[in-house]
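Each chain, letter by letter, is given below.
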Amino acid sequence: MMIEEEIVIIGGGIAGLATALALKRVGFQSRVLERNPELRAGGTALTLLTNAWFALRALGVDHKLKSVYQPINKSLVTNLDTGAVQELGFSGTKENREDAGVITVHRKALLETLAEELPPDTIRFSSKLISIKSETLKDSTKATLLHLEDGTVIKSKVVIGCDGVHSAVAQWLGLSQPLSSGRWAARGLAVFPEGHGLNHGVKQYLSAGTRAGFVTINSKEIYWFVVTYSSLEKDISTNPELLLEEVEKNLAKDLPSEFLTIVKETDLSTLSWVPLLFRAPWNIAFCKAQNGCVTIAGDAMHPMTPDLAQGGCSALEDAIILARCISQAHPMATNDKQWLEKALKRYVEERRWRVTWLVAGAWLAGWVQQGGGGDQQWWSGMARWFRDRIESDLELDWAIDIPEIIGTEHGPYGQFQSQTGEEPFITVNHQGYPKFIFFNEKD
Ligand SMILES: Cc1cc2nc3c(=O)[nH]c(=O)nc-3n(C[C@H](O)[C@H](O)[C@H](O)COP(=O)(O)OP(=O)(O)OC[C@H]3O[C@@H](n4cnc5c(N)ncnc54)[C@H](O)[C@@H]3O)c2cc1C
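I will try to describe carefully the structure that is included in this document. The shown structure was predicted, so the numbers you read here are calculated from the model rather than taken from an experiment.

Comments concerning the site of the ligand
Here is step 1 of the chain: Near the ligand, the surroundings consist of 35 residues, among which Gly-11, Gly-13, Gly-164, Gly-298 and Gly-311 are the closest.
Here is step 2 of the chain: Contributions of two or more residues to the shell around the ligand are made by α1 (14-25), β3 (45-48), β11 (179-191), β15 (272-278) and α9 (311-329).
Here is step 3 of the chain: With four residues, the single largest contributor to the shell around the ligand is α9.
Here is step 4 of the chain: Partitioning the shell around the ligand into residue classes produces 16 nonpolar, 12 polar and seven charged.
Here is step 5 of the chain: The two domains that each donate at least three residues to the shell around the ligand are domain 1 (2-71 + 105-178 + 279-406) and domain 2 (181-277).

Regarding unusual backbone geometry
Here is step 1 of the chain: Its identity is not glycine, yet Ser-126 carries a phi of approximately 50°, on the positive side.
Here is step 2 of the chain: Within the secondary structure, Ser-126 is located in the loop between β7 (123-124) and β8 (129-136).
Here is step 3 of the chain: Given 13 C-beta atoms within a 10 Å radius, Ser-126 is considered partly exposed.
Here is step 4 of the chain: Despite not being glycine, Ala-309 has its phi angle at roughly 50°, a positive value.

Overview of the nonpolar core
Generally speaking, soluble globular proteins have nonpolar side chains that are buried together.
Here is step 1 of the chain: Judged by nonpolar contacts, the single largest core of 112 residues is most densely connected at Ala-18, Ala-55, Ala-297, Ala-319 and Leu-322.
Here is step 2 of the chain: Examining the composition of this core, we find that 13 residues originate from one element, helix α10 (residues 339-369), more than from any other.
Here is step 3 of the chain: Residue-level mapping places this core at the junction of two domains, with at least three residues from each of domain 1 (2-71 + 105-178 + 279-406) and domain 2 (181-277).
Here is step 4 of the chain: Look past the residues within four positions of Ala-18 in its chain and what remains in contact with it is Leu-59, Leu-114, Ala-315, Leu-316 and Ala-319.

Reading the values: the criteria
- Residues numbered from 1 in each chain as written.
- Predicted model: local features only at pLDDT ≥ 70, side-chain atom pairs only at ≥ 80, totals over all residues.
- Near = placed C-beta within 6 Å.
- Helix = DSSP H or I, 4+ residues; strand = E, 2+ residues; numbered from the N terminus.
- Nonpolar A, V, L, I, M, F, W, Y, C, P; charged D, E, K, R; others polar.
- Domains from an automatic or database assignment.
- Buried ≥ 20, exposed ≤ 12 C-beta atoms within 10 Å, placed from the backbone.
- Core = buried A, V, L, I, M, F, W, Y, C linked by C-beta atoms within 7 Å.
- Contact = placed C-beta atoms within 7 Å.

These figures capture arrangement, not role.
Printed below as a string of structure tokens:
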């Protein structure tokens, strides 16, 4: 069966759904292909920092999550090697400290919030992409043929690969395979039906070779993680009982009892064990992440280690910028057949250095925080030296508190003409961000 679509997004994760929504906000319809039969959110929860909230606001959905989840104002970081405890404050933005800065949400809730804003049937489930081919049309523009596992072939004008760290689209574009950081993460959600009784916040523990922590999501659920250099001898990632035992008896055995008490209450269905992968920063800086009208976003373009909690946040940024580039280029459509290609090229150039620095910064932060692996090599000693002297109040503003990435003087999407005649944007209250003066603003 052959189907024609204007814009196809591969992958219904954070990047894919946010891109579909951002495109909708500027009046373009798209089709999202997701290989799973439903929205899947491995990893249970994630922390969204200020830049993600700017993006969610621009998507018009931040209020839905903020009404359910509470901001976190501080994190306590204990250096288990020295016993030092530092307090890291991270509420609000530079301009407005009252605004949401850091909030941990259920991944599923984020995906559902994005998906419910899309027109029905936007997401085509059980649709796994298996190969891509390019075809030149009579008017000398290109179309892309997407072959799906179920035998369907989709002919599309624009393809946006949001298919995660092992992206088939990134591979087709010629990007290198992600690298292993040599570190692994175990994660889970502990559930306390009667309430956990802890104050809302984050606690982290650093020791040579290990970083662990937990964050309260609400009064009954706590998300925890352990990041370690040691891989497991056997692959027990699909056996939650054995994995939990491994965390309790091995990976977290030297962590404070408070942490182990939480781990014991883990809902086994939420446990996961994953390698931490990243794309080499030089590969992102110099790759060709766009070919004709095919490009990539999210982990497909810039997989990074989770040490700055920026993978999902920067995927949300990608979505807004991609939609902005397309909407701003659209007026050229009548006299420039290459306008879409140019728009995607501009998107890649706008994102390239931003995400290169995030990937490099995340890797470096992880290396320092975990004392370079904790072995006796000179570089591990250097990493520990840095870690033990660095102020916990790390200046993360460079990475997260930059509304200019999302906003322009004409709002997050720039000035645009809606393609479908639908109201371009916006129904939510976005006070506190005077820079975001939206086109056709109502409130
Ligand atoms: C341990 C850990 C902790 C993290 N913590 C945070 C955090 O606190 N904050 C944060 O912002 N980020 C965090 N991240 C990073 C974050 O999880 C990712 O950056 C984010 O999920 C990327 O979203 P994505 O949509 O690009 O990719 P994914 O979430 O991987 O989504 C890709 C989608 O594409 C689909 N797909 C794949 N291949 C195909 C195909 N061939 N055909 C059709 N569909 C396909 C998949 O099924 C999936 O639904 C963390 C990552 C890890 C590993």
